[in-house]
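# Structure assessment
Single-letter residue listing:
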Amino acid sequence: MKTTKLSKRRTCKVCKKKYRPKYNTIQATCNNFKCALELAQSKRKNKEKKEFRAETVRRRAAAKTRSDWLRDAQTAFNTYIRARDRGLNCISCDKPDNGAHQRHASHYRSIGACSALRFNTKNVFASCQQCNTSKSGNILEYRIRLVARYGKKMVEWLESQNKIVRYDIEYLKRLKRVFNKKARMLNKRNYP
Ligand SMILES: [Zn+2]
Ligand SMILES: [Zn+2]
């Protein structure tokens, strides 16, 4: 004996009315052709919007200069350093990381003095805003704490570096990607 099973009632995505699919099982709208048409049109529009946004991102990226990428990579790197050193005192004055002051990523060998260490994680540590900007890193104090934390050998190695490095755009893009990802992972771990 053959039984005809009635298909389940669903709610139309467009008109919100209840319906039983008549045409096929994956039907998302009611049996009114107008609703199917409307859904298809809105899907197409969304796709176009998405493509337009992606194109804008591509065009903006293509228009960026090397110095734009350098700035972006530095921002990502500095964000990573601040995330890595969260909870550690200011490298130059021991001010605790208690949310009472802004935290900066402070270069021991400055960007101008040593381009080779610009993105070196052993050359950059979190400091308070005051030490980094008002006291240009507060370098004498920085050195004392850097030696205490990581040893004289590492500090002397940093001080011996003097290669001039010119980072190309592809490398900077990669740096940006990598350090943004590292920072995100650290932040996720700290604030799950
Ligand atoms: Zn409908
Ligand atoms: Zn400080």
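Residues numbered from 1 in each chain as written. Chains lettered and ligands numbered in written order. Predicted model: local features only at pLDDT ≥ 70, side-chain atom pairs only at ≥ 80, totals over all residues.

### Focus: the overall build of the chain
Heads up, the condition is: The way it works is that DSSP assigns letters per residue, a run of H or I at least four long becomes a helix, a run of E at least two long becomes a strand, and they are numbered from the N terminus. Once C-beta atoms are placed from the backbone, each residue is buried if 20 or more other C-beta atoms lie within 10 Å of its own, exposed if 12 or fewer, and partly exposed for counts between those two. In this description, any two residues whose backbone-derived C-beta atoms lie within 7 Å of each other are considered to be in contact.
A tally of helices and strands in the chain yields six helices and four strands. If you list the helices and strands of the chain from N to C, you get β-β-α-α-β-β-α-α-α-α. Viewed in the frame of its principal axes, the chain has a C-alpha envelope of about 90 × 35 × 35 Å. Taken over 192 residues, the chain has a buried fraction of 23%. Long-range contacts, defined here as pairs at least 24 residues apart, represent 61% of the contacts in the chain between residues at least 6 apart.

### Some words on the nonpolar core
Put simply, the test is: A set of buried Ala, Val, Leu, Ile, Met, Phe, Trp, Tyr and Cys residues, joined through C-beta atoms within 7 Å, is what we mean by a nonpolar core.
Core analysis: the biggest nonpolar cluster contains 24 residues, and Ala73, Ala76, Phe77, Tyr80, Ile81, Ile91 and Leu175 have the highest contact counts within it. Beyond its immediate sequence surroundings of up to four residues, Leu175 is in contact with Ala73, Ala76, Phe77 and Phe119.

### As for the domain arrangement of the chain
Going by this rule: Domain ranges listed in this record stem from an automatic or a database domain assignment.
The domain architecture assigned to the chain consists of domain 1 (17-63) and domain 2 (65-190). Put simply, the middle of domain 1 and the middle of domain 2, counted by C-alpha atoms, are 46 Å apart.

### Considering the pairing of strand E3 (residues 103-107)
Note the threshold: A strand pair is defined by DSSP finding two or more bridges across the two strands.
Of all five residues that make up E3, five are buried, and the element is covered over most of its length. Here E3 shows no split at all, with Arg103, Ala105 and His107 on one side and His104 and Ser106 on the other all buried. Pairing of E3 with strand E4 (residues 124-128), which is carried by five bridges, proceeds in the antiparallel orientation. Residue Ser106 lies in a different strand from E4, and its bridge partner there is Phe125.

### Some points on unusual backbone geometry
Trans peptide bonds make up the majority, and among non-glycine residues the majority have a negative phi. The backbone phi angle of Lys16 is positive, close to 65°, even though this residue is not glycine. Assignment of secondary structure puts Lys16 in the loop between strand E1 (10-11) and strand E2 (18-19). The phi dihedral of Asp94 is positive, around 70°, even though this residue is not glycine. Note that Asp94 resides in the loop between helix H2 (66-84) and E3.

### Overview of H2
This is how the line gets drawn: Given the number of residues in a helix, its expected span is that number minus one, multiplied by 1.5 Å.
Taking 1.5 Å per residue, 19 residues should reach 27 Å; H2 reaches 27 Å between its end C-alpha atoms and fits that length. Among all positions of H2, only Trp69, Leu70, Ala73, Ala76, Phe77, Asn78, Tyr80, Ile81, Arg82 and Ala83 are buried. Summarising the contacts, the buried residues of H2 are in contact with E3, E4 and helix H6 (169-190).

### Notes on the packing of helix H4 (residues 139-150) against helix H5 (residues 152-160)
Our working rule: Only the contacting stretch of a helix is used when fitting its axis, a line to C-alpha atoms as for every element, and angles between N-to-C directions run 0 to 180 degrees. Should an angle fall under 35 degrees it is taken as roughly parallel, and over 145 as roughly antiparallel, whereas 65 to 115 is taken as roughly perpendicular and any remaining angle as oblique. Asp, Glu, Lys and Arg are counted as charged, while Ala, Val, Leu, Ile, Met, Phe, Trp, Tyr, Cys and Pro are counted as nonpolar; the rest, among them Gly, fall into the polar class.
Where H4 contacts H5, the two axes come as close as 7 Å, and the packing angle between them is 130°. Taken together, the axes of H4 and H5 are oblique relative to one another. Between H4, through Arg143, Leu146, Val147 and Tyr150, and H5, the contact on the second element is made entirely by Lys152, Met154 and Val155. For the contact of H4 with H5, a count of residues per class yields five nonpolar, no polar and two charged.

### Regarding H4
Look at H4: 16 Å from first C-alpha to last across twelve residues, which is about the 16 Å you get at 1.5 Å a residue. Backbone geometry just after H4 places Gly151 at a positive phi near 95°.

### Overview of the environment of Val57
Note on placement: Val57 falls in helix H1 (residues 33-63). In this structure Val57 comes out as exposed when scored by C-beta crowding, with 10 C-beta atoms within 10 Å. Separated by 57 residues in sequence, Val57 and Cys114 place their C-alpha atoms 33 Å apart.

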